[in-house]
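Read off the chains here:
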Amino acid sequence: DAGVTQSPTHLIKTRGQQVTLRCSPKSGHDTVSWYQQALGQGPQFIFQYYEEEERQRGNFPDRFSGHQFPNYSSELNVNALLLGDSALYLCASSRGGRQPQHFGDGTRLSIL
Amino acid sequence: QKEVEQDPGPLSVPEGAIVSLNCTYSNSAFQYFMWYRQYSRKGPELLMYTYSSGNKEDGRFTAQVDKSSKYISLFIRDSQPSDSATYLCAMTVGSNYQLIWGAGTKLIIKP
């Protein structure tokens, strides 16, 4: 039973560029949430997708956007990258948007 | 003041010891409480999931919730070097609401 998978595992970008991160949820899950985790901190909620719509959003600027596909997989897009966007980006999936959530191993994004 | 406070550690204990990890919170509306374990360069792994107050046991792990004190704990019995990781608490007001996280406690189990 495949868990949550994320790609790529590591990405290096420069300031001002755009990036797309991808996530496939755990089998049987239909809801995907995205988190940003800075070094030494707990994850910060970015947004959640359910039935291909953004259902909840945390305190992140519009530079962060997402999409959910009919097969429940999801993408996180970040435009106009800043040095402060360097972090581990985690995807979590759940059933019906309810707890508990299961996490992938993340994409480590480094901005130079 | 953060909604969820967690001592960052590191907490270093000898193998076989009982470990106690704690979080305090300020929002009395929190009802769902979780503990995750995160190894270096990995995503958080769900350990325990509890609703409301009380205790829950799963193998060597016991989770306690004291809503009157706004305090949750995770106990690990017979700790092993493989338990060395960062332990994160998370909580939410409703099952379909966003999680609010502590900063995590780094635990080191010495052989």
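Calculation criteria
Each chain carries its own residue numbering, running from 1 in the direction its sequence is written. Whichever chain is written first becomes A and whichever ligand is written first becomes 1, with later ones labelled in order. Local features in a predicted model are, by the rule used here, given only for residues with pLDDT of at least 70; side-chain atom pairs are given and counted only at 80 or more, and totals for whole chains, interfaces and linings are based on all residues. Neither water nor hydrogens contribute to the side-chain values; these are computed over all heavy atoms in the structure. Helix and strand definitions follow DSSP, with helices as H or I runs of at least four residues and strands as E runs of at least two, each counted in order from the N terminus. It is over C-alpha atoms that the radius of gyration is taken, and the globule rule equals 2.2 Å times the number of residues to the power 0.38. Here's how the labels work: a residue is buried when its accessible area is under 20% of the maximum for its type, exposed when over 50%, partly exposed in between, all with a 1.4 Å probe on protein chains only. Contacts: residue pairs with any heavy atoms within 4.5 Å of one another. Note on areas: Shrake-Rupley, 1.4 Å probe, and residue coverage restricted to the protein chains presented here. The rule for pairing is simple: two strands pair if DSSP sees at least two bridges between them. In this analysis an axis means a line fitted to C-alpha atoms, helices contributing only their contacting stretch, and an angle means the value between N-to-C directions, from 0 to 180 degrees. Each reported salt bridge corresponds to a side-chain nitrogen of Lys or Arg within 4 Å of a carboxyl oxygen of Asp or Glu. For the purposes of this analysis, a disulfide is any pair of cysteine sulfur atoms at a distance within 2.5 Å.

Visitor: Lay out the overall build of chain B in plain terms, naming residues and giving numbers.
Guide: When helices and strands are tallied, chain B shows 0 helices and 11 strands. Its helices and strands taken in sequence order, chain B reads β-β-β-β-β-β-β-β-β-β-β from the N to the C terminus. Relative to the 2.2 N^0.38 estimate, which gives 13 Å for 111 residues, the radius of gyration of chain B is 13 Å and therefore close to what a compact globule would have. Taking the principal axes of the C-alpha coordinates as reference, chain B spans close to 40 × 25 × 25 Å. Across the 111 residues of chain B, 42% fall into the buried class. The contacts of chain B with a sequence gap of at least 6 include a subset with a gap of at least 24, amounting to 55%. If you sum the accessible surface of chain B, you get close to 5,300 Å²; carbon and sulfur atoms cover 48% of it.

Visitor: Report on the sheet that holds strand S1 (residues 5-7) of chain A, specifying residues and quantitative values.
Guide: All names here are of chain A. Here 4 strands make up an open sheet; going across it, the order is S1-S3-S8-S7 and the pairing antiparallel. This sheet does not close on itself; its edge strands, each paired only once, are S1 and strand S7 (64-68). Strand after strand, the sheet turns through a mean of 20° between neighbouring axes, direction not considered.

Visitor: Outline the pattern of salt bridges, supporting the account with residue identities and numerical values.
Guide: If you walk through the whole model with that rule in mind, you get 7 salt bridges over all chains. Put simply, glutamate 75 of chain A and arginine 22 of chain A hold a salt bridge, and the shortest N to O gap is 3.4 Å. Taken together, the residues span a long stretch of sequence, with glutamate 75 of chain A in strand S8 (residues 74-78) and arginine 22 of chain A in strand S3 (residues 19-24) at a distance of 53 residues. The class for arginine 22 of chain A is partly exposed, based on a relative accessible area of 42%. Across the pair glutamate 45 of chain B and arginine 37 of chain B runs a salt bridge, and its minimum N-O distance is 3.1 Å.

Visitor: Can you lay out the state of the cysteines for me, pointing to particular residues and giving the numbers?
Guide: All names here are of chain B. According to the stated counting rule, one finds 2 disulfides over all chains in the structure shown. Each sulfur of the disulfide joining cysteine 23 and cysteine 89 lies 2.0 Å from the other. Looking down the S-S bond of the cysteine 23 and cysteine 89 bridge, the torsion is -105°, so its handedness is left-handed. Of the two residues, cysteine 23 sits in strand S3 (residues 19-25) while cysteine 89 sits in strand S9 (residues 85-92), which places them 66 residues apart along the sequence. Judged by relative accessible area, cysteine 23 falls into the buried class, the value being 1%. Given the relative accessible area of 0%, cysteine 89 is considered buried.

Visitor: Give a description of unusual backbone geometry that names residues and reports values.
Guide: Following serine 7 of chain A, the chain continues into proline 8 of chain A via a peptide bond in cis, with omega recorded as -10°. When you line up the elements, proline 8 of chain A lands in the loop between S1 and strand S2 (10-13). Cis geometry is adopted by the peptide bond preceding proline 10 of chain B, which originates at glycine 9 of chain B and carries an omega value of 10°. Structurally, the position occupied by proline 10 of chain B is in the loop between strand S1 (4-5) and strand S2 (11-14). In this model, arginine 41 of chain B sits at a positive phi of 65°, which is unusual for a non-glycine residue. Along the chain, the position of arginine 41 of chain B falls in the loop between strand S4 (32-38) and strand S5 (45-51). Phi angles above zero are rare outside glycine, and aspartate 78 of chain B is one such case at about 45°. Within the fold, aspartate 78 of chain B resides in the loop between strand S8 (71-76) and S9.

Visitor: How would you summarise the pairing of S3 of chain B if you had to cite specific residues and measurements?
Guide: Residues and elements named next belong to chain B. In S3, alternate side chains face the same way, and those of Val19, Leu21, Cys23 and Tyr25 are buried while those of Ser20, Asn22 and Thr24 on the opposite face are not. With 2 bridges joining them, S1 and S3 adopt antiparallel strand pairing. Bridge assignment links glutamate 5 to a residue of S3, and that residue is threonine 24. Bridge count for S3 against S8 is 6 bridges, and the pairing is antiparallel. For serine 20, the partnering residue across the bridge sits in S8 and is phenylalanine 75.

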